[in-house]
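Residue-level structural notes
Spelled out from the first residue to the last, the chains are:
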Amino acid sequence: MKSGVAVLGAGLSGLGFGLTLPEADIYEAEPYPGGRAYSREFEGYWFDDGAHISHTTNDHVLTRVIRAAKDVNVIEQSTVHNFWLGATLTYPVQNHLFELPLDLRIRALTDLIMAHLEPPAAASPADYEAWCLKEYGRALTEQFYRVFTEKYWRAPMHALAVDWLGGRLLPSLLPTVIRGALTDVPEGQASFRRFYYPRKGGFFEFFAPLYEGLNVYYNERAVEIDTRRKKITFASGRSEHYEALVSSLPLDVLVAAIPEAPAQVREAAQKLTWTRLVCVNMLVELPPRQLPHWLYIYDPDIAPSRVSFPANLAGLPGEGAPVPIQAEVFRRRDEPFDPSSTVCS
């Protein structure tokens, strides 16, 4: 090691540090960089490790990634659908109650209006469940948001905080909700007004050229970190000493690799929870139709939570060609999962 600075992980965090300190040595466990932002080619089509888009408004970041990808599709408004009990609904569901069965439409509209008529609470909602009940009322929360939360986040709603909601979930606007309950209206409250996606190479094309010139060593999985001797041992048998260490490893993996980590830290690391993502990528022959950029599936008996259409994101023509489709299935770290039993139909 020449620089004395070791970076564990060549995902986007490792890339960001490497661009700041190009002489650093970056060690990556996989044979490729990018982490969860990596894209894979199959039959001439590109699939990401989960649905990704860039909707940054940071001019510096935007200029840099667009320059790296060169050919970028600029999408002025996202097209998003919901799938529920065999029907395709417009996203977000609260703005299009007209598409629901009459009884559910009445309950949903009544509950939402009643929730908005309640006196403002002294404090903001303490958790995601309270936030949804306040914004959408009980009928929509129970029928749609609770089911999706348990599929996607694999956790009860009350266990989730609310600091992640900005830009992800749309607050309900009463005039919009009432109008959408009385008649079929086009969607005007899009999640993303403008976003960007490379026309070729998948999402990783935004970042692939930025790794050029960095000191990245692949197939080097750190298995032990001796913080006293400042030494890293890798599964390959390689070992390196460092002066400064930067880690982008998952916290439980990092703590497990440090033999002298205090017992209470090890115990705390074991209590951390997260979800695992399994991407089911497929090419499907479909009759010509207008497809969304992605859709959410609310049926609890269908394993995928979200389905995306990469060719739409890239702005590629789809006529006369198979349609690339990606279905995302989520499971908790402690949840048994047999991929062969996954239902994607």
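What comes next is a walk through the structure.

What counts and what doesn't
Residues numbered from 1 in each chain as written. Predicted model: local features only at pLDDT ≥ 70, side-chain atom pairs only at ≥ 80, totals over all residues. Heavy atoms only, no water. Helix = DSSP H or I, 4+ residues; strand = E, 2+ residues; numbered from the N terminus. Buried < 20%, exposed > 50% of the residue type's maximum accessible area, 1.4 Å probe, protein only. Contact = heavy atoms within 4.5 Å. Lys, Arg positive; Asp, Glu negative; His and termini not counted. Charge placed at Lys NZ, Arg CZ, Asp CG, Glu CD. Polar contact = N/O pair within 3.5 Å; in protein donor to acceptor, adjacent residues only side chain to side chain. Pairing = 2+ DSSP bridges. Right-handed = clockwise from strand over helix to strand, strands pointing away. Axes fitted to C-alpha atoms, helices over the stretch in contact; angles between N-to-C directions. Parallel < 35°, antiparallel > 145°, perpendicular 65-115°, else oblique. Left-handed = near helix turned anticlockwise from the far one by under 90°. Nonpolar A, V, L, I, M, F, W, Y, C, P; charged D, E, K, R; others polar. Patch = residues over 30% accessible without salt bridge, like charges linked within 9 Å, V, L, I, M, F, W, Y side chains within 5 Å. Areas by Shrake-Rupley, 256 points an atom, 1.4 Å probe, with all protein chains shown as cover. Salt bridge = Lys/Arg side-chain N within 4 Å of Asp/Glu carboxyl O. Core = buried A, V, L, I, M, F, W, Y, C linked by side-chain atoms within 4.5 Å.

Moving on: the overall build of the protein. Each helix and strand counted, the protein has 8 helices and 17 strands in total. If one aligns the C-alpha atoms of the protein with their principal axes, the spans along those axes are about 70 × 55 × 45 Å. Within the protein, buried positions represent 44% of all 345 residues. Relative to all contacts within the protein whose residues are 6 or more apart in sequence, the contacts with residues 24 or more apart total 67%. In the protein, 33 side chains carry a positive charge and 41 a negative one; their mean positions are 3 Å apart.

So, about the side chain of Gln326. Along the polypeptide, Gln326 turns up in strand E17 (residues 323-332). For Gln326, a relative accessible area of 2% puts it in the buried group. Reaching out from Gln326, the side chain makes a polar contact with the backbone nitrogen of Ala51 at a distance of 3.5 Å. Once you skip the residues sitting within four places of it in the chain, Gln326 turns out to touch Phe47, Asp48, Gly50, Ala51, Cys279, Val280, Asn281, Arg306, Val307, Ser308 and Pro310.

All right, on to the pairing of strand E1 (residues 5-8) then. Every second residue of E1 is oriented toward a common face, with Val5 and Val7 on one face and Ala6 and Leu8 on the other, all of them buried. Sheet topology note: the E1/strand E13 (residues 244-247) ladder contains 4 bridges and is parallel. Among the inter-strand pairings, Val7 is bridged to a residue of E13, identified as Val246. Strand direction decides the pairing type here: E1 and strand E2 (residues 25-27), joined by 3 bridges, are parallel. Among the inter-strand pairings, Leu8 is bridged to a residue of E2, identified as Tyr27. Following the chain from E1 across helix H1 (residues 12-20) to the adjacent parallel E2, one finds a crossover that is right-handed.

One way to put it is that helix H3 (residues 102-117) packs onto helix H5 (residues 174-182) with a least axis distance of 11 Å and a crossing angle of 165 degrees. Comparing their axes, H5 and H3 come out roughly antiparallel. When the axes of H3 and H5 are compared, the crossing they make is left-handed. Listed contacts from H5 to Arg105, Leu109, Leu112, Ile113 and His116 of H3 are Leu174, Val177, Ile178 and Ala181. For the contact of H3 with H5, a count of residues per class yields 7 nonpolar, 1 polar and 1 charged.

Once that is clear, we can look at a nonpolar patch on the surface. A surface patch of nonpolar side chains, about 280 Å² in accessible area, is lined by Leu251, Leu272 and Trp274. The topology assignment puts Leu251 in helix H6 (residues 251-256).

A few words now on the environment of Ala108. Inspection of the secondary structure assignment puts Ala108 in helix H3. Note: C-alpha distance between Ala108 and Leu140 (32 residues apart in sequence) is 5.7 Å. The residues contacting Ala108, other than those within four sequence positions of it, are Leu97, Tyr136, Ala139 and Leu140.

Moving on, we come to the sheet that holds strand E14 (residues 275-284). Hydrogen bonding along the main chain pairs the strands of a sheet, whether they run parallel or antiparallel. In space, the 6 strands of this open sheet follow the order E7-E6-E15-E16-E17-E14, with mixed pairing throughout. At either margin of the open sheet sits one strand with a lone partner, and together these are strand E7 (87-90) and E14. In this sheet, neighbouring strand axes are inclined to one another by 25 degrees on average, regardless of whether the strands run parallel or antiparallel. With 10 bridges joining them, E14 and E17 adopt antiparallel strand pairing. Note on E17: the bridge partner recorded for Val284 is Val323. Together, strand E6 (80-84), E7, E14, strand E15 (294-297), strand E16 (306-308) and E17 form the strand contacts of helix H4 (residues 128-152), whose direction differs from that of E15 by roughly 100 degrees.

So, about the nonpolar core. If you look at the biggest cluster of nonpolar residues, it comprises 62 residues, and the most contacted ones within it are Leu100, Tyr128, Leu140, Phe144, Tyr145 and Phe207. Examining the composition of this core, we find that 10 residues originate from one element, H4, more than from any other. Grouped together as the second largest cluster of nonpolar side chains are 14 residues, Leu8, Ile225, Ile232 and Leu254 included.

Any two side chains of opposite charge can pair, on the condition that their charged atoms come close. One pass over the structure, following the stated rule, counts 14 salt bridges. The residue Glu30 makes a salt bridge to Arg221 at a minimum N-O spacing of 3.9 Å. Taken as a pair, Glu30 in the loop between E2 and strand E3 (39-42) and Arg221 in the loop between strand E9 (215-217) and strand E10 (222-226) lie far apart in primary sequence, 191 residues in all. A residue is classified by how much of its surface remains accessible, and Glu30, at 31% relative accessible area, is partly exposed. Close ionic contact of Asp334 with Arg332 constitutes a salt bridge, the shortest N to O distance being 2.9 Å. On the basis of relative accessibility, which here comes to 53%, the residue Asp334 falls in the exposed class. Judged by relative accessible area, which is 28%, Arg332 ranks as partly exposed. Through salt bridges that share partners, Glu129, Arg138, Glu142 and Arg146 make up one connected network.

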